[in-house]
Amino acid sequence: MEVKKNTFKSSAAANNDKPQLGLWNGLVDSSVVEILSSAGYDWVLVDGEHAPFDLQSILIQLQASSRYEVPIFVRIPKSDPIIIKQILDLGVQNILVPMVDSAEEAELMVQATQYPPRGIRGIGTAMARAAHWAQNEDYLYTAGPEICMIVQVENVPGIQNLDAILAIEGLDGVFIGPADLAASMGHLGNSNHPDVKSTVLDALRRIREAGKIAGVMALDKPTADEYIAAGANMVAIGIDTLLLIKACRDLLHSFRPQDDSTAGTKY
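Residues numbered from 1 in each chain as written. Predicted model: local features only at pLDDT ≥ 70, side-chain atom pairs only at ≥ 80, totals over all residues. Heavy atoms only, no water.

## Quick notes on the overall build of the protein chain
Heads up, the condition is: Put simply, DSSP H or I for four residues or longer makes a helix, DSSP E for two residues or longer makes a strand, and each gets a number counted from the N terminus. Just to be clear, the radius of gyration here is over C-alpha atoms, and the globule rule we use is 2.2 Å times residues to the power 0.38. Relative accessibility thresholds used throughout: buried, under 20% of the residue-type maximum; exposed, over 50%; partly exposed, between the two (1.4 Å probe, protein chains only). We call two residues in contact when some of their heavy atoms are within 4.5 Å. Under the convention used here, Asp and Glu are negative, Lys and Arg are positive, and both His and the chain ends fall outside the count. The atoms used to mark charge sites are NZ of Lys, CZ of Arg, CG of Asp and CD of Glu.
Regarding its fold elements, the protein chain presents twelve helices and eight strands. Relative to the 2.2 N^0.38 estimate, which gives 18 Å for 267 residues, the radius of gyration of the protein chain is 19 Å and therefore close to what a compact globule would have. Along the longest, intermediate and shortest principal axes, the C-alpha atoms of the protein chain span 65 × 40 × 30 Å. Residue burial in the protein chain is summarised as follows: out of 267 residues, 49% are buried. Of all intrachain contacts in the protein chain linking residues separated by at least 6 positions in sequence, the fraction that spans at least 24 positions is 62%. Side chains of the protein chain carry 21 positive and 33 negative charges; the gap between the two charge centres is 3 Å.

## Re the pairing of strand β7 (residues 213-217)
What counts is decided by this rule: We treat two strands as partners when DSSP finds at least two bridges between them.
With five of five residues buried, β7 is to be regarded as a mostly interior element. Both faces of β7 are covered, namely the face carrying I213, G215 and M217 and the face carrying A214 and V216. Sheet analysis places strand β6 (residues 173-176) next to β7, joined by four bridges and oriented parallel. Each residue of the ladder has a partner; that of G173, found in β7, is I213. Sheet analysis places β7 next to strand β8 (residues 234-239), joined by three bridges and oriented parallel. Bridge pairing in β8 links V216 to V235.

## Some words on the packing of helix α10 (residues 194-209) against helix α11 (residues 221-229)
This is how the line gets drawn: To obtain each axis, a line is fitted to C-alpha atoms, and for helices this fit is confined to the stretch in contact; angles are then taken between N-to-C directions over 0 to 180 degrees. Every angle not falling under 35 degrees, over 145, or within 65 to 115 is termed oblique; those three ranges are roughly parallel, roughly antiparallel and roughly perpendicular. Lys, Arg, Asp and Glu make up the charged group, whereas Ala, Val, Leu, Ile, Met, Phe, Trp, Tyr, Cys and Pro make up the nonpolar group; the residues left over, Gly among them, are polar.
Across the interface, α10 lies against α11 with an axial gap of 9 Å and an inter-helix angle of 40°. When the interaxial angle is binned, α10 and α11 end up oblique. For the pair α10 and α11, contact is made by K197, V200, L201 and L204 and by T223, E226 and Y227, respectively. Within the contact of α10 with α11, the residues separate by chemical class into four nonpolar, one polar and two charged.

Spelled out as structure tokens, the structure:
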């Protein structure tokens, strides 16, 4: 048995100018992740930060999506090496860590993905789905390079420390979170504020110049195009919950044009 090759890492490296387009999975149901995984996107992210996922439901999402060969990211709730250890053992290869504000925190996240002496990941292959329950005898030696660690910079302190974060060896990328960044900059609910947009664009350019994957969320095409032009090569362009509610409203509005189908909170 061999460790599964990380196709997201290889695609991002081989197609630097072609953005990897992805969808966010927040609905805790195996059929939903199957639908998302079969839609042809470059990656799907299971959101363990804001959606009600736990280890068992993350495992179910991994099992349900495995037939489609689409790279699955998991966003964990916080920067915790113990949580990283658990989801790595489940078989997750692509990790997104929210709210990382310092180089020290980013370095710890990288260390959590690697076995000693490079890192601090605990050894438990007998119980690890990732190692086929110790049937993959080479897992300890070959798993590390196939893990993709991307941290989210979503606050002013993180932007201030971005260059130091980008200098961390082994960190694959930085994902900018415009919504939280806008709040941190004093523009709650307005991620399109000119100051926020300019900060995001500058950060994306710096990330790519450092040779890292530059990620961002952009839920409308003009914004996505602007971020891609700045260098973003990992772009989340949809969230399952928002796609569902929009389709429901649009359908009703087609029958009852007088009804307001656009009400709701802007992400």
